[in-house]
Amino acid sequence: MNYLKFDKTLIINLEESLSREVLRTNRKGAYHCTTIVDCNTRKYHGLLVMPVPELDDDNHVLLSSFDETVIQHGAEFNLGLHKYEGGSFSPNGHKYIREYTMETVPRTVYRVGGVVLSKEIIFSRKHNRIMIRYTLIEAHSATLLRFRPFMAFRSVKELTRVNGNADQSYEEVPNGIKACMYPGYPELFMQFNKKPEFVYEPYWYHGIEYQKEQERGYPYKEDLFVPGYFELSIEKGESIVFCAGDMLRDELAGLPDYFNEEVEARTPRSNFYNCLKNSAHQLFYNPKGEDVYLLAGYPWFKVRARDMFISMAACTLYLNERDRYEQLMNTAIPALRTFMREGKTDPVIHEMDQPDVLLWVIWCVQSFSLKEGRDEAKRLYGELVGEIIAYIIAQKHPNLKVTDNGLLYSDGRQKPVTWMNSVVDGRPVVPRTGYIVEFNALWYNALCFHKELDESVSPKVDRLITALELSFPATFVNQYNYLFDYVDSTPNQDWSVRPNMIIALACPYSPLTRVQKRGVLDIVTKELLTPKGLRSLSPKSEGYRPNYIGPQYERDLAYHQGPVWPWLTGMYLMAYLNLFGRGGVSFAERTLISMEEEISLHCIGTISELFDGNPPFAGRGAISFLMSIASILAVIEKLKEYDE
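Figured I'd write up the structure that's included with this text. (Residues numbered from 1 in each chain as written. Predicted model: local features only at pLDDT ≥ 70, side-chain atom pairs only at ≥ 80, totals over all residues. Heavy atoms only, no water.)

1. Side note on the pattern of salt bridges
Evaluated as defined, the whole model comprises 41 salt bridges. Of the charged contacts, one joins Arg146 and Glu76 as a salt bridge, the two residues approaching to 3.0 Å between their closest N and O atoms. Here Arg146, found in strand E13 (residues 143–155), pairs with Glu76, found in strand E6 (residues 75–78); they are 70 residues apart in sequence, far enough to count as distant. Classification of Arg146 by relative accessible area gives buried; the value is 10%. A salt bridge links Glu641 to Lys638; its shortest N-O distance comes to 3.5 Å. One network of salt bridges, with partners in common, ties together Arg322, Glu326, Glu372, Glu376 and Arg379. (Salt bridge = Lys/Arg side-chain N within 4 Å of Asp/Glu carboxyl O. Helix = DSSP H or I, 4+ residues; strand = E, 2+ residues; numbered from the N terminus. Buried < 20%, exposed > 50% of the residue type's maximum accessible area, 1.4 Å probe, protein only.)

Listed below in structure tokens is the structure:
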């Protein structure tokens, strides 16, 4: 039985099926994304979406969709689905879908009269090439398939309209055609494993609408160009493979075997853990050579330093893939050292200069130490940890200063410096500044871990640890037994109940007593905990905005003012287990069950960026988010410590 399966009853209800998205990626940053009924609802959706570095840093939709038509006895049954002006859907191909499953690859089964046709989609891991396998399971008479490619050739941030600049020509290639609508774009090759007939019939389809863009207050209508259609016959039991990419495929008879090889390389999505493993793998990014990164999320995030170091261990070591961890660190370490020595940021790893990034690097190495052993961590990364500590103590970071009480100070009044980074009218929505709670929790943890790796640390490190054991609780613990989110000066203390304080409990080393930890955990549990993670702000605090909806301005205001962030679920449960040990296992397992429900609700098989802060806790933001996935994997790893 398939772990992820959707039947006809759900599929024909477009209110349900259009909210469920599917994502496939490769290691080059290209992807395929749509809904389970193959109706695009975002401008980011497409069958083949890929970077075009010759043009810009954006992804670009080359092939938007690929409509299939089943023809028997001259009767045509179009399996496509698009939303047009006025809210009308056409040609309503979803009514022929009998089931949709996602075990190893997405698989749709259509039934048209006596015809039963399956469609399976997979992305090549190493090439910008999408492949679709059509298998005729049942047919009582001769069957013909017709395919119409809907081409866009545009940035994911834009929409296209009918225009006279589009090149409507094509050239024949083995078993298909190639086309390129605008200068600067790569050619799009569309080929089959057997020769089709291509009928040139250029036509613009007008007024296709994307309802997610409409909900978000963006332009949402576009026109798509179809150069014509392919036709080829198919016999009962036969499979036909179509591929579309930016490179010519010479050996086409081997396409079915190539498809099977790609399938065999995938981990079946047969349970919650395997879904998370697949989702983590989809975020690996290898643009060229040996350099490997982790993308912060799909469909719009690039590589971000903070996200990558928070998530790296969970997405590699906790999947028993140490070699991938070392590849990522080997790519990142030169960039880190260039920043510390020359002040230059990296062109691929964005936000390297954020003041907490170096602290998360040490957290990342500490995670390696806990999994692989202290000696290995010291051998491979002890020198790096020492460099980072020395760099911070020497006051070389442009926005991270060690003060006389040992605490770190960072200025976030004009520009956001933490993960709560939304901006409206050029100013931070949450201007966290001064002594920031998670910065200093990570700082104390980093110093203690540095001493663990190297007992011969300088006396200054020992003095800082001792100073922080006094100054951290004195600065952050308030009379209501939770932690200030940030303190800029004695009168300027942020009393908002926010989740960042939980990081002080999740770190292996904490300057808080057990009683203080219990006080923090109690407040977080009562005011922030939801089935999907921790709210970014308590409903009792001023400015609570739980719903991440509406135009960009409204969403920016709400981003960190109430919506739930599942990446903090991991921090919360790590803190809970640190406090209660085996006694917290059943609670942690129940919490994971509520997270598992998300696997079939938003983007199938993965975890989204955030959720509304109030029921029903709808998924919002990026449909697959690195830190969300990593946090759950970290909890699963932590729970292994309590296995009998």
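Further notes follow.
2. Concerning the environment of Tyr482
Mapped onto the fold, Tyr482 is located in the loop between helix H11 (459–476) and strand E28 (486–487). For the pair formed by Tyr482 and Val524, sequence separation is 42 residues and the distance between their alpha carbons is 8.3 Å. Non-local contacts of Tyr482, meaning those with residues more than four positions away in its chain, are made with Phe476, Val477, Trp495, Ser496, Val497, Met501, Val520 and Ile523. A distance of 2.6 Å separates a polar atom in the side chain of Tyr482 from the backbone oxygen of Trp495. (Contact = heavy atoms within 4.5 Å. Polar contact = N/O pair within 3.5 Å; in protein donor to acceptor, adjacent residues only side chain to side chain.)

3. Here we look at the packing of aromatic side chains
In the structure shown here, the tally under the stated rule is 41 aromatic pairs. The interplanar angle of 35 degrees and the centroid separation of 5.2 Å between the aromatic rings of Tyr170 and Tyr200 together place this pair among those described as tilted. With Tyr170 in the loop between E13 and strand E14 (171–173) and Tyr200 in strand E17 (residues 197–209), this pair connects stretches of sequence that are 30 residues apart. Relative accessible area serves as the criterion here: at 38%, Tyr200 is assigned to the partly exposed category. (Phe/Tyr/Trp six-rings, centres within 6.5 Å; stacked < 30°, edge-to-face > 60°.)

4. Let's talk about the environment of Tyr642
Mapping Tyr642 onto the fold places it in the segment after helix H17 (626–639). A relative accessible area of 16% places Tyr642 in the buried class. Here the alpha-carbon distance between Tyr642 and Val585, two residues 57 residues apart in the chain, equals 7.6 Å. Each residue touching Tyr642, except ones within four places of it in the same chain, is listed here: Leu577, Gly581, Arg582 and Val585.

5. Observations regarding unusual backbone geometry
Backbone phi values are negative for most residues with the exception of glycine, while trans is the configuration of most peptide bonds. Backbone torsion omega between Ser90 and Pro91 reads 0 degrees, so that peptide bond is classified as cis. One can find Pro91 in the loop between strand E8 (88–90) and strand E9 (97–102). In this chain, Tyr298 is followed by Pro299 through a cis amide linkage whose omega measures 10 degrees. Its place among the elements puts Pro299 in the loop between strand E22 (297–298) and helix H6 (305–311). In this structure, Asn92 takes a positive phi of about 60 degrees despite not being glycine. Relative to the elements of secondary structure, Asn92 occurs in the loop between E8 and E9. Positive phi is not limited to glycine here, since Phe617 has a value of about 55 degrees. Structurally, Phe617 can be placed in the loop between strand E32 (610–611) and strand E33 (619–620).

6. Section: the side chain of Thr101
For Thr101, the position within the fold is in strand E9. With residues near it in sequence (within four places) discarded, Thr101 still touches Asn2, Leu4, Lys5, Pro106 and Arg107.

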